[in-house]
Amino acid sequence: MKRILLLVLCCISLTTFSQFSNDPAAFLKDIDKYLGASNRMKTKEFMEVFEPNWMTNFSKDYQNKVISTANLIYEKRLPPFPELYGYLLSVHSFVINKQSDESFDSWHKTIDQLLNSKKVKKFRDFIQVCEGFFTDGTIYYATNHIWKATGGSYIFEFDKNSPNIIFKDVDLQCYIVNRNASKKDDLYFDSTIVRKTSGVFEPLIDKWTGRGGTVDWQKVGLDKSTNYAEITDYMMSVKSTKVETDSALVYTDYYEKPLYGSFNDMAKKINRDVDRVYPQFVSFSKEIMRKSIVPEVDYVGGFALAGADFNGVGYNNNLASLVFYKEGKPFVKAQAMRFTVNPSRI
């Protein structure tokens, strides 16, 4: 008798839910129940913001599209977290942030194609990126570092069976995370920020192809308004924390005119001030003069920056030179492949 009763109860529980209701109000109740069975607290927090947005700001077409897609996610037996939750959080963010119909349609075409493909894992990976991006701008999250893209504008596209996010005039930020930080500690050990840059992010292969933007030397104590690089094209994997370009125009307090050269910046865990050797720049020109690099010392040679330090750079057939003056006249000339100059030493 007990076995029969248990079987009946199981059958009842299996038949209580077959799909989400097409009625918008009933759909909310179904979602609350379905997600809540997996994570009550997270569901409660989400429903408090999603419900008023859903009932007030979603058009009928949007509601129908979301209900249909939610049912497809359920039919494919994808788990409520992160797949369904990530999808609903994304559409909520689209509407609450008043993204254009064009952007929503482009993004949803990506969702539709990934859900209907044979590799459903691509949908899971993509929706997790969307969840982070729509929450706080995070496009990549690893144990030790994160990448964010904030500000500016973006659109989604589906190209060659892969989703892309096309960004314009965003701040691209990499942070080294301090996992053991207390309330009094900094959340991040170090950072790299490319301001007002544009690019294409391919989330399924963690690739960013960028163009333009500026990177400054503020993190090593220099004035960001007078010490910065205008970068050109660059490409990187967000699994790395390094931004590198073959050509940049650098403005620096060391020279009145900007200089062309190669540039790179990297975020990393900093234990000592002496380890702050980024951003880095090396001039293309090998014969740059700097009068009074320190009092009574002139410099001629290639120019490089490593963090806040001025580095004189020489070459095999053209060594860097320091000319020391005494009573206004040249006194000693020193030549080397490299000189490092900062306010405390040469």
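The structure we're discussing is the one just above.
Please read all numbers here as calculations on a predicted model, not as lab measurements.

**Student:** What's the story with unusual backbone geometry in this structure? I'm lost.
**Tutor:** Excluding glycine, a negative phi dihedral is what most residues carry, and trans is how most peptide bonds are arranged. Between Phe-81 and Pro-82 the backbone carries a cis peptide bond, its omega angle lying at 5°. Residue Tyr-278 is joined to Pro-279 through a cis peptide bond whose omega torsion reads 5°. One can find Pro-279 in the loop between strand 11 (259–266) and strand 12 (280–283). Backbone geometry at Arg-77 places phi at a positive 60°, although glycine is not the residue there. With respect to the secondary-structure elements, Arg-77 resides in the loop between helix 4 (60–75) and helix 5 (80–96). Judged by relative accessible area, which is 77%, Arg-77 ranks as exposed. The phi dihedral of Asp-206 is positive, around 60°, even though this residue is not glycine. Residue placement: Asp-206 occurs in the loop between strand 5 (188–202) and strand 6 (207–211).

**Student:** Can you walk me through the pairing of strand 3 (residues 153–159) in this structure?
**Tutor:** Two elements, strand 3 and strand 4 (residues 162–177), share seven bridges in a ladder whose sense is antiparallel. In the sheet register, Asp-159 faces strand 4, and the bridge partner there is Ser-162. Hairpin connection from strand 3 to strand 4: two residues lie between these consecutive antiparallel strands, with Lys-160 at a positive phi of about 55°.

**Student:** Help me out: how do you make sense of the packing of helix 5 against helix 7 (residues 120–136) in this one?
**Tutor:** Working note: a packed helix pair is described by the angle between its axes plus the distance between those axes. The N-to-C vectors of helix 5 and helix 7 enclose an angle of 40°; their axes lie 8 Å apart at closest approach. What the angle tells us is that helix 5 and helix 7 run oblique. Judged by the twist between their axes, the crossing of helix 5 over helix 7 is left-handed. Taken together, the residues of helix 7 that come into contact with helix 5 (itself represented by Pro-82, Glu-83, Tyr-85, Gly-86, Tyr-87, Leu-89, Ser-90, Ser-93 and Phe-94) are Phe-123, Arg-124, Ile-127, Gln-128, Cys-130, Glu-131, Phe-134 and Thr-135. Class assignment for the residues of the contact of helix 5 with helix 7 results in nine nonpolar, five polar and three charged.

**Student:** Mind showing me how you'd approach the side chain of Asp-275 here?
**Tutor:** Checked against the element boundaries, Asp-275 lands in the loop between strand 11 and strand 12. Setting aside residues no more than four positions away along its own chain, Asp-275 makes contact with Lys-268 and Ile-270.

**Student:** Hey, could you run me through the environment of Val-238 in this one?
**Tutor:** As for its placement among the helices and strands, Val-238 is situated in the loop between strand 9 (233–237) and strand 10 (242–251). By relative accessible area, which is 0% here, Val-238 ends up buried. Counting along the chain gives 96 residues from Val-238 to Ala-142, while the straight-line C-alpha distance between them is 9.6 Å. Ignoring sequence-local partners within four residues, the contact set of Val-238 consists of Tyr-140, His-145, Trp-147, Phe-201, Asp-206 and Trp-208.

**Student:** Any chance you could explain the pattern of salt bridges here in plain terms?
**Tutor:** Charged atoms that come close allow side chains of opposite charge to pair. Taken as a whole, this structure holds 15 salt bridges when the rule is applied. For Lys-65, the salt bridge is made with Asp-112, and the minimal N-O distance between the two is 3.0 Å. Of the two residues, Lys-65 sits in helix 4 while Asp-112 sits in helix 6 (residues 101–115), which places them 47 residues apart along the sequence. Among the residues examined, Lys-65 registers a relative accessible area of 31% and is labelled partly exposed. Note that Lys-219 is salt-bridged to Asp-190, the shortest N-O span being 3.7 Å. Separated by 29 residues along the polypeptide, Lys-219 in the loop between strand 7 (214–216) and strand 8 (228–231) and Asp-190 in strand 5 bring together distant segments of the chain. Because the salt bridges share partners, they merge into one network encompassing Asp-190, Lys-219 and Asp-265.

**Student:** Where do I start with the packing of aromatic side chains in this structure?
**Tutor:** Two descriptors summarise a pair of aromatic rings, namely the distance from one centre to the other and the angle between the planes of the rings. Under the criterion given, the structure shown has 40 aromatic pairs. One residue, Lys-286, lies across the ring of Tyr-315, its end atom 5.0 Å from the ring centre.

**Student:** It is not clear to me how the packing of helix 4 against helix 5 should be interpreted in this structure. Could you clarify?
**Tutor:** Two elements in contact, helix 4 and helix 5, have axes whose closest approach is 10 Å; the angle formed by their N-to-C orientations is 165°. In this view, helix 4 runs roughly antiparallel relative to helix 5, as classed from their interaxial angle. For the pair helix 4 and helix 5, the sense of crossing is right-handed. Contacts from Tyr-62, Lys-65, Val-66, Thr-69, Ala-70 and Ile-73 in helix 4 reach Glu-83, Leu-84, Tyr-87, Leu-88, Val-91 and Val-95 in helix 5. Residues of the contact of helix 4 with helix 5, tallied by class, amount to nine nonpolar, one polar and two charged.

**Student:** Help me understand helix 2 (residues 24–36) in this model?
**Tutor:** Within an α-helix, residues lying three or four positions from one another point in the same direction, as the helix has 3.6 residues per turn. Over its 13 residues, helix 2 runs 18 Å from end to end, which matches the ideal 18 Å to within 8%, given 1.5 Å per residue. Within helix 2, the full set of buried residues consists of Pro-24, Phe-27, Leu-28, Ile-31, Tyr-34, Leu-35 and Gly-36. Looking at the buried side of helix 2, the elements it contacts are helix 3 (40–56), helix 4 and helix 5.

How each quantity is defined
- Residues numbered from 1 in each chain as written.
- Predicted model: local features only at pLDDT ≥ 70, side-chain atom pairs only at ≥ 80, totals over all residues.
- Heavy atoms only, no water.
- Helix = DSSP H or I, 4+ residues; strand = E, 2+ residues; numbered from the N terminus.
- Buried < 20%, exposed > 50% of the residue type's maximum accessible area, 1.4 Å probe, protein only.
- Pairing = 2+ DSSP bridges.
- Axes fitted to C-alpha atoms, helices over the stretch in contact; angles between N-to-C directions.
- Parallel < 35°, antiparallel > 145°, perpendicular 65-115°, else oblique.
- Left-handed = near helix turned anticlockwise from the far one by under 90°.
- Contact = heavy atoms within 4.5 Å.
- Nonpolar A, V, L, I, M, F, W, Y, C, P; charged D, E, K, R; others polar.
- Salt bridge = Lys/Arg side-chain N within 4 Å of Asp/Glu carboxyl O.
- Phe/Tyr/Trp six-rings, centres within 6.5 Å; stacked < 30°, edge-to-face > 60°.
- Lys NZ or Arg CZ within 6 Å of the ring centre and 35° of its normal.
- Expected span 1.5 Å × (residues − 1).

The values are spatial; any link to function lies outside them.
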